[in-house]
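# Architecture at a glance
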Amino acid sequence: MRRRSIIGALDLTKEEYEELFSVSDEFKRRGFSQSYSYLEGKVVSLAFFEPSTRTRMSFETAALKLGAKVIGFSGEEGISVAKGENLADTIRMLSSYSDLIVMRHKFDGAARFATEVTDTLIINGGDGKHEHPTQAMVDLYAVREVFSSPSNLVYGILGDLKYARTVNSLLRALTLFQPKFVYLISPPQLRARREILDTLNYPYKEVQDINEVISELDVLYVTRIQKERFADEMEYEKVRESYELTYETVTQMKRDAIILHPLPRVTEIDRRIDKTPHARYFMQANLAVYLRMGLLYLLLGEKK
Amino acid sequence: MKEKTLIVNRIREGTVIDHIPAGRALAVLHVLGIKGNEGYSVALVMNVESRKLGKKDIVKIEGKFLDERETSLITLIAPTATVNIIKDYEVVEKRKLKLPDEIRGLLTCPNTSCISRNDVEAVSKFRIVKTSPLLLKCEYCETYITEEEVMRQILHEIR
Ligand SMILES: [Zn+2]
């Protein structure tokens, strides 16, 4: 894989996704207790200007497992760095210490902007409501784990399709894999943005009621509907409730259909669903570290 | 032919931008960065009859030769315009209008959470998605900006 920054889900070609998946498979096969020295002598910066637990920890673990040193900031410290100094200066400072920077920032396009002020590799760990490409890589890796390929399946993507960066990245990544059909299931005010829909090359349909399509799906991808997207609390409560995934709905799924979620979740999935064979979001989360090991290895690893 | 003699004299050296959609002459001056205190003699003709457009505007700037970038910016707001470079009262060059690949700094991203609006060093950048009607996309957050919005922004800044 060519050394380059990863800003959006389409920064990898289909062949590179396949390469990434098979390298990640190798790390997975050798198991979590294995450590490596592929990134020995390298420094990976984690610049989380916005709080994150999962993404940051999985990148940190992946980097450490590969033998890299990890520096950076997150949580409250990250927020105060974001306030104290402009982004460009912080990125310049980090680049003088590191071989690669994983960053999360609240503004859309922050990662692209960072690539303009430094030659150090940038991985976008989430920029505002724009993209979160490594999550889409994890999502497709999880789909492939179950179905052996992300292609030729019927997907349903449920929830906030307008502001969820993971959805943007996933919808784009899917353009490389010829899904059979994609249902975009959301309330009218949270439909996917025109900017994303215009780039899709596969058949899709926007629907409001999951029960209309649930029996057709191979993969149901659930996202959270956030309160801050609504001006009116009553409206939010109404929408939230009708987009919570119920046990009754899940019983209508095909036998081998799966449910994924980028996590963390709040109330959008009934806890009783966790015990059904459809629930694969914990497996998906467990795959994340291998996928990110694969990515860091391909971008930065010394083959030895 | 009558209108030319009626309203504006020919210029000796400079640029004539003709066939501007009616009402957009001020916007043309704006994208050229002409505020009036640069010392150029500028003639504005607005809402005159045009066989091609019905009504049109014309801008003549004595002593200024538009560069490629300026010419291409004009296409943003006046895609029908023609740009003629004048020397010694003669048209020495007819410029073909071609949209620039990238529009930097001139427009503001409609997305308030775009990094281009939230960092002191960031400058807005747009790429052309479609030309008619005009549709641009922010290079950072990928938000669309429509022809209507482009016009609104450019004209709004003048008032
Ligand atoms: Zn933008």
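As shown above, the structure is provided for reference.
Here's what I pulled together on the structure shown here. (Residues numbered from 1 in each chain as written. Chains lettered and ligands numbered in written order. Predicted model: local features only at pLDDT ≥ 70, side-chain atom pairs only at ≥ 80, totals over all residues. Heavy atoms only, no water.)

## Section: the coordination of the zinc ion
All names here are of chain B. Within the first shell, the zinc ion binds the protein through C109 (SG), C114 (SG), C138 (SG) and C141 (SG), at distances of 2.3 Å. Each of the 4 donor atoms around the zinc ion contributes to a set of angles spanning 96 to 116°, which defines the coordination as tetrahedral. A residue is classified by how much of its surface remains accessible, and C114, at 0% relative accessible area, is buried. Take C138: its relative accessible area is 2%, and that puts it in the buried class. (Donors = N, O, S within 2.8 Å, 3.2 Å for Na, K, Ca; no water. Tetrahedral: all angles 85-135°; square planar, octahedral: opposite > 155°, others 65-115°. Buried < 20%, exposed > 50% of the residue type's maximum accessible area, 1.4 Å probe, protein only.)

## Describing a nonpolar patch on the surface
All names here are of chain B. Together, L26, Y40, V42, L44 and M46 line one region of the surface with nonpolar side chains, adding up to about 370 Å² of accessible area. In terms of residue count, strand β2 (residues 41–50) provides more of the nonpolar patch than any other element does, 3 residues in total. Relative to the elements of secondary structure, Y40 occurs in the loop between α2 (25–31) and β2. (Patch = residues over 30% accessible without salt bridge, like charges linked within 9 Å, V, L, I, M, F, W, Y side chains within 5 Å. Areas by Shrake-Rupley, 256 points an atom, 1.4 Å probe, with all protein chains shown as cover. Salt bridge = Lys/Arg side-chain N within 4 Å of Asp/Glu carboxyl O. Helix = DSSP H or I, 4+ residues; strand = E, 2+ residues; numbered from the N terminus.)

## With respect to the sheet that holds strand β9 (residues 258–260) of chain A
Residues and elements named next belong to chain A. Across the sheet, 5 strands lie side by side as β7-β6-β5-β8-β9; this open sheet has parallel pairing. Every other strand in the sheet has two partners, leaving β7 (204–207) and β9 as the edge strands with one partner each. Across the sheet, the mean angle separating the axes of adjacent strands is 20° when strand polarity is ignored. The pairing of strand β6 (residues 181–185) with β7 spans 4 bridges and is parallel. The residue of β7 that forms the bridge with I185 is V207. (Pairing = 2+ DSSP bridges. Axes fitted to C-alpha atoms, helices over the stretch in contact; angles between N-to-C directions.)

## Focus: the packing of helix α6 (residues 133–147) of chain A against helix α7 (residues 165–174) of chain A
Residues and elements named next belong to chain A. Their axes nearest at 8 Å, the elements α6 and α7 cross at an angle of 60°. Between α6 and α7, the crossing angle belongs to the class labelled oblique. Read as a crossing pair, α6 and α7 show a hand that is right-handed. Here P133, Q135, A136, D139 and L140 of α6 lie close against α7, whose contacting residues are T166, S169, L170, A173 and L174. (Parallel < 35°, antiparallel > 145°, perpendicular 65-115°, else oblique. Left-handed = near helix turned anticlockwise from the far one by under 90°. Contact = heavy atoms within 4.5 Å.)

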